[in-house]
Amino acid sequence: LQEIAEQYNIIHIAAPAASNDITGINFVPNSFRTSRNNYQDAISLCQYLAAQPNGLVQIAPDASFGRTTAGFYRDACRYFGGHFAADDIFAPASSSDFTPYVQQIRDSGAGALIVTWAGPGYVPLLQALADEGIVDQMNVTVSFPDNASIPALLGDIVGETGGIVYHYTSPSNEINDWLVSKTIARHGAPPDLFGADGMSAALMIAEAITVSGGDASADALIAAMEGLEFTGPKGTVSIRSEDHVALQDMYIVRLTNVDDPEARFFELVTSNRPEPPCLLPVELKERCRALPIGSLMRPVYLPLISRR
């Protein structure tokens, strides 16, 4: 879609997609986002976890997704003063028996466990953490999924905290109230995990066309959208002119139940507003200006990534 937008010189807005590459290695001037990226997820959770006195440990799939995401968490948590009590634990993405990995988690002595997982092993992993007492011994943190998945997947970790992109009960503002009431009236259910992203995309378009004086050409909208600030269901969204990252509020919540009929599964612990490093390819690094480049801990361009 980014390539198509550039080829035909139209605007592309990514809403739910979290990949850093959209506003990183695959950056094109025509492409924007209202979604957060994976680095913002890591920063949000690490700001909350950094004070853990016994340190952190993380488990992730032994694949590109897992290792890359683990790197974001290690960078962000160390940046905010946290420390890792043990090396990152990587299990094959096809794992169904997590017993040996649970033992490594226990042996780490960490006070908090960061779980990064996607795929069929997710439920067996959480079950193993509950069955082996890890849930009772340490703070198990996850990135919480959509409302439909919570009753099916998360019964074993009620009481634990984690990050979430958006839950309709977390923001407190008039636009979110409007979105919630209209979605319930139309669909009989509240907005879900990416509901705020979609509405923010619509609001971003309307605001940009207002700024451009009604000019809907790509050139006019790029100029209007770079540096644009507007208010959405999550509050103020700021589009960074350097790389088109959408700065926005993120939420740390505690799972209180998995059976509320109105999907009121969480209580809000805190919110924050992560500012990730600039991840543009090396040939565009001048666009990064004063932003940290490549990482938070080492704001230098390592590794030197080129898309050519």
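Please read these numbers as outputs of a predicted model, since none were measured by experiment. (Residues numbered from 1 in each chain as written. Predicted model: local features only at pLDDT ≥ 70, side-chain atom pairs only at ≥ 80, totals over all residues. Heavy atoms only, no water.)

A. Spatial organisation of the sheet that holds strand β9 (residues 235-239). Spatially, the 3 strands line up as an open sheet ordered β8-β9-β10, and their pairing is antiparallel. Bordering the open sheet on either side are β8 (229-232) and β10 (246-247), each of which pairs with just one other strand. Sheet topology note: the β9/β10 ladder contains 2 bridges and is antiparallel. When the sheet's bridge partners are listed, serine 238 is paired in β10 with leucine 247. (Pairing = 2+ DSSP bridges. Helix = DSSP H or I, 4+ residues; strand = E, 2+ residues; numbered from the N terminus.)

B. Representation of the nonpolar core in the model. Formed by 42 residues in total, the largest nonpolar core has its most connected members in Ile59, Leu113 and Leu129. The biggest single contributor to this core is helix α5 (residues 122-131), with 5 residues. Setting aside anything within four residues of it in sequence, one finds isoleucine 59 in contact with Ile89, Phe98, Tyr101, Ile105, Leu113, Ile114, Val115, Thr116, Trp117 and Leu125. Tyr39, Leu45, Leu56 and Tyr73 belong to the second-largest nonpolar core, a separate cluster that totals 17 residues. (Core = buried A, V, L, I, M, F, W, Y, C linked by side-chain atoms within 4.5 Å. Buried < 20%, exposed > 50% of the residue type's maximum accessible area, 1.4 Å probe, protein only. Contact = heavy atoms within 4.5 Å.)

C. How the structure looks around the environment of alanine 5. Within the secondary structure layout, alanine 5 lies in helix α1 (residues 2-8). On the basis of relative accessible area, alanine 5 is assigned to the buried category, the value being 1%. Considered as a pair, alanine 5 and serine 31 are 26 residues apart in the sequence and their alpha carbons are 7.2 Å apart. Apart from the residues within four sequence positions on either side, alanine 5 is in contact with Ile10, His12 and Asn30.

D. Quick look at the state of the cysteines. Tallying each qualifying case throughout the model produces 2 disulfides. Note that cysteine 46 is cross-linked by a disulfide to cysteine 77, the S-S spacing being 2.0 Å. Here the S-S torsion is close to -75°, and the disulfide linking cysteine 46 with cysteine 77 is therefore left-handed. Remark: cysteine 77 occurs in helix α3 (residues 64-79) and cysteine 46 occurs in helix α2 (residues 38-49); sequence separation between them is 31 residues. (Disulfide = S-S within 2.5 Å.)

E. Seen up close, the packing of helix α8 (residues 174-187) against helix α9 (residues 195-211). With their axes 11 Å apart at the nearest point, α8 and α9 run at an angle of 115° to one another. Taken together, α8 and α9 sit at an angle that is classed as roughly perpendicular. Between α8 and α9 lies a crossing of right-handed hand. Side by side, α8 and α9 meet where Ile175, Trp178 and Leu179 of the first sit next to Gly195, Ala196, Met199 and Leu203 of the second. Broken down by class, the residue content of the contact of α8 with α9 amounts to 6 nonpolar, 1 polar and no charged. (Axes fitted to C-alpha atoms, helices over the stretch in contact; angles between N-to-C directions. Parallel < 35°, antiparallel > 145°, perpendicular 65-115°, else oblique. Left-handed = near helix turned anticlockwise from the far one by under 90°. Nonpolar A, V, L, I, M, F, W, Y, C, P; charged D, E, K, R; others polar.)

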